[in-house]
Amino acid sequence: MYGRVIGAGTTGAGGATLAATGLWMNSMALMVTATTLVAAGVALYKLAPRPRRR
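Residues numbered from 1 in each chain as written. Predicted model: local features only at pLDDT ≥ 70, side-chain atom pairs only at ≥ 80, totals over all residues. Heavy atoms only, no water.

### Details of the overall build of the chain
When you go through the chain residue by residue, the secondary structure sums to three helices and zero strands. Reading the helices (α) and strands (β) of the chain from amino to carboxyl end gives α-α-α. By element, 69% of the accessible surface of the chain is carried by carbon and sulfur atoms, the whole surface being about 5,000 Å². (Helix = DSSP H or I, 4+ residues; strand = E, 2+ residues; numbered from the N terminus. Areas by Shrake-Rupley, 256 points an atom, 1.4 Å probe, with all protein chains shown as cover.)

Here it is as structure tokens:
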């Protein structure tokens, strides 16, 4: 359902192809996954204990 709505909003054959194949959904999912992994990595880095200076 969403693929057809988003594909209808894009122009030309490219939009029709994205709507028909669902390719935009896969690329969006990959982008969300990558962003989540980066955010988790940064959060873990900030939680790591730092060595104390004397």
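### Side note on the confidence of the model for the chain
Averaged over the chain, the pLDDT score is 76; the fraction of residues at 70 or greater is 56%. Between the elements of the chain, mean pLDDT differs from a low of 51, seen in helix α1 (residues 2-9), to a high of 88, seen in helix α3 (residues 23-47). (pLDDT = per-residue confidence, 0-100.)

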